[in-house]
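This is what each chain is made of:
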Amino acid sequence: MNEAMCAGLPVVVSRGVGCVADLVEDGVNGYTPAGGDVDALAAALRVLIDDDALRQRQGQASLTRILKWGYRECLEGIRSALADLDCVIEAEPIVRTKTS
């Protein structure tokens, strides 16, 4: 998906794909049908195939979005996902001692 966005293309990708929340705004730079919804997938593709101007606008929106994406945004996304976890993991610290 990143490569398509770097090429200035709109994207059509299932909502279940992890990067969707960060990189795709439905109707702005592509479409996010539910996984397994073949009719919604076909409809999204049909819209993009039939409308050159829409395809160009969404492609430009993809390029604009991906050019602002990098390691910092990835790290922030990981931190946010970890903060949203409902579980707490407690572990003993690992102490390494030098042995002779």
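Keep in mind that what you see is a predicted model, and the values were worked out from it rather than measured. (Residues numbered from 1 in each chain as written. Predicted model: local features only at pLDDT ≥ 70, side-chain atom pairs only at ≥ 80, totals over all residues. Heavy atoms only, no water.)

A. Up close: the overall build of the protein. Counting secondary structure elements, the protein contains five helices and two strands. Seen in sequence order, the protein has helices and strands lined up from the N terminus as α-β-α-β-α-α-α. Here the C-alpha radius of gyration of the protein, 19 Å, is well above what a compact globule of 100 residues would show, namely 13 Å. C-alpha extents for the protein along the principal axes are approximately 70 × 30 × 25 Å. (Helix = DSSP H or I, 4+ residues; strand = E, 2+ residues; numbered from the N terminus. Rg over C-alpha atoms; globule rule 2.2 N^0.38 Å.)

B. Here's a closer look at the packing of helix 3 (residues 38-50) against helix 4 (residues 52-67). Where helix 3 meets helix 4, the closest approach of the two axes is 5 Å, and the angle between their N-to-C directions is 105°. Overall, the two elements helix 3 and helix 4 adopt an arrangement that is roughly perpendicular. On helix 4, the residues touching Val47, Leu48, Ile49 and Asp50 of helix 3 are Asp52, Leu54, Arg55 and Gln58. Grouping the amino acids of the contact of helix 3 with helix 4 by side-chain chemistry returns four nonpolar, one polar and three charged. (Axes fitted to C-alpha atoms, helices over the stretch in contact; angles between N-to-C directions. Parallel < 35°, antiparallel > 145°, perpendicular 65-115°, else oblique. Contact = heavy atoms within 4.5 Å. Nonpolar A, V, L, I, M, F, W, Y, C, P; charged D, E, K, R; others polar.)

C. Spatial organisation of the nonpolar core. With seven residues, the main nonpolar core is built from Met5, Val11, Val13, Val20, Leu23, Val24 and Ile66. Dropping the residues within four chain positions of it, Val20 is found in contact with Val13, Ser14, Arg15 and Thr32. (Core = buried A, V, L, I, M, F, W, Y, C linked by side-chain atoms within 4.5 Å. Buried < 20%, exposed > 50% of the residue type's maximum accessible area, 1.4 Å probe, protein only.)

D. Main features of a nonpolar patch on the surface. Side chains of Leu41, Leu45 and Ile49 sit close together on the surface and give an oily, nonpolar patch of about 270 Å² of accessible area. Here Ile49 is to be found in helix 3. Of the residues examined, Ile49 reaches a relative accessible area of 62% and is grouped as exposed. (Patch = residues over 30% accessible without salt bridge, like charges linked within 9 Å, V, L, I, M, F, W, Y side chains within 5 Å. Areas by Shrake-Rupley, 256 points an atom, 1.4 Å probe, with all protein chains shown as cover. Salt bridge = Lys/Arg side-chain N within 4 Å of Asp/Glu carboxyl O.)

E. Expanded view of helix 4. The terminal C-alpha atoms of helix 4 lie 23 Å apart, and with 16 residues this matches the ideal 22 Å at 1.5 Å per residue to within 8%. Those residues of helix 4 that are buried lie in contact with helix 1 (2-6), strand 1 (11-12), helix 2 (20-23), strand 2 (30-31) and helix 3. With a side-chain oxygen positioned 3.2 Å from the backbone nitrogen of Ala53, the residue opening helix 4 is Asp51. (Expected span 1.5 Å × (residues − 1). Polar contact = N/O pair within 3.5 Å; in protein donor to acceptor, adjacent residues only side chain to side chain.)

F. Region of interest: the environment of Val12. Relative to the helices and strands, Val12 is located in strand 1. A relative accessible area of 25% places Val12 in the partly exposed class. Spatially, the C-alpha atom of Val12 lies 5.8 Å from that of Thr32, the residues being 20 residues apart in sequence.

G. Up close: the side chain of Ser62. Mapped onto the elements, Ser62 comes out in helix 4. In this view, Ser62 contacts Met5, Leu9, Pro10, Val11 and Asn29; residues no more than four positions away in its chain are not counted.

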